[in-house]
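Chain and residue survey
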Amino acid sequence: MTAVQLNAMNTELWQSIGAIADSEPLMRRLTRYAKKLLKEREADPTLMTKEEFFNKIERAEKQPGKSFASVEELDKYIRAL
């Protein structure tokens, strides 16, 4: 997603929140949904911090050279590190 698209999405989100801010039931629903999204994000096993990412790269660089027949094989190798 480009910076322009992200900015437009942020603007739309804040405008929508502003439009419902005076409705307590809607704000309650929005808060519950935001908490649900955060739980989904925390549960995603593919997410990692920048430190974890760069540590994986450093470990991979220390390994002897390898070649792979497909992207899937490369992906399996990287995930196993």
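Residues numbered from 1 in each chain as written. Predicted model: local features only at pLDDT ≥ 70, side-chain atom pairs only at ≥ 80, totals over all residues. Heavy atoms only, no water.

Here we look at the overall build of the chain
To keep things clear, this is the line we draw: Here a helix means four or more residues in a row that DSSP labels H or I, a strand means two or more in a row labelled E, and each is numbered from the N terminus. Atoms considered for the radius of gyration are the C-alpha atoms alone. The globule rule reads 2.2 Å times the number of residues to the power 0.38. Each residue is assigned to one of three classes by its accessible area relative to the maximum for its type, calculated with a 1.4 Å probe on protein chains only: buried under 20%, partly exposed between the two thresholds, exposed over 50%. Residue exposure ignores everything except the shown protein chains as possible cover, and the areas themselves are Shrake-Rupley values with a 1.4 Å probe. Positive residues here are Lys and Arg, negative ones are Asp and Glu, while His and the chain termini are left out of the count. Taken as the charge location is NZ of Lys, CZ of Arg, CG of Asp or CD of Glu.
A tally of helices and strands in the chain yields four helices and zero strands. Against the globule reference of 12 Å for 81 residues, the chain gives a C-alpha radius of gyration of 20 Å, more extended than a compact globule. The C-alpha extent of the chain, read off along each of the three principal axes, is 60 × 30 × 25 Å. A buried classification covers 1% of the 81 residues belonging to the chain. Counting every atom, the chain has about 7600 Å² of accessible surface; 58% of that belongs to carbon and sulfur. Positive and negative charge centroids in the chain, built from 14 and 13 side chains respectively, lie 5 Å apart.

Concerning the confidence of the model for the chain
Put simply, the test is: Confidence scores labelled pLDDT are given residue by residue by the predictor and lie between 0 and 100.
With 100% of its residues at a pLDDT of at least 70, the chain reaches an overall mean of 90. Ranking the elements of the chain by mean pLDDT puts helix α3 (residues 50-62) last with 90 and helix α1 (residues 3-20) first with 93.

Points about the packing of aromatic side chains
For the record, the criterion: Planes of paired rings set the category: under 30 degrees apart is stacked, over 60 is edge-to-face and the rest tilted, where pairs are Phe, Tyr or Trp rings (Trp by its six-membered ring) whose centres lie within 6.5 Å.
This structure, assessed with the given rule, holds two aromatic pairs. Note on F53 and F54: the rings are 5.3 Å apart at their centroids and 75° apart in plane angle, and the pair reads as edge-to-face. When the ring of F68 is compared with that of Y77, the centres are 5.3 Å apart and the planes differ by 45°; the resulting orientation is tilted.

Here's the deal with the environment of R41
By secondary structure assignment, the location of R41 is in helix α2 (residues 24-43). On the basis of relative accessibility, which here comes to 58%, the residue R41 falls in the exposed class. Separated by 35 residues in the primary sequence, R41 and K76 have C-alpha atoms spaced 22 Å apart.

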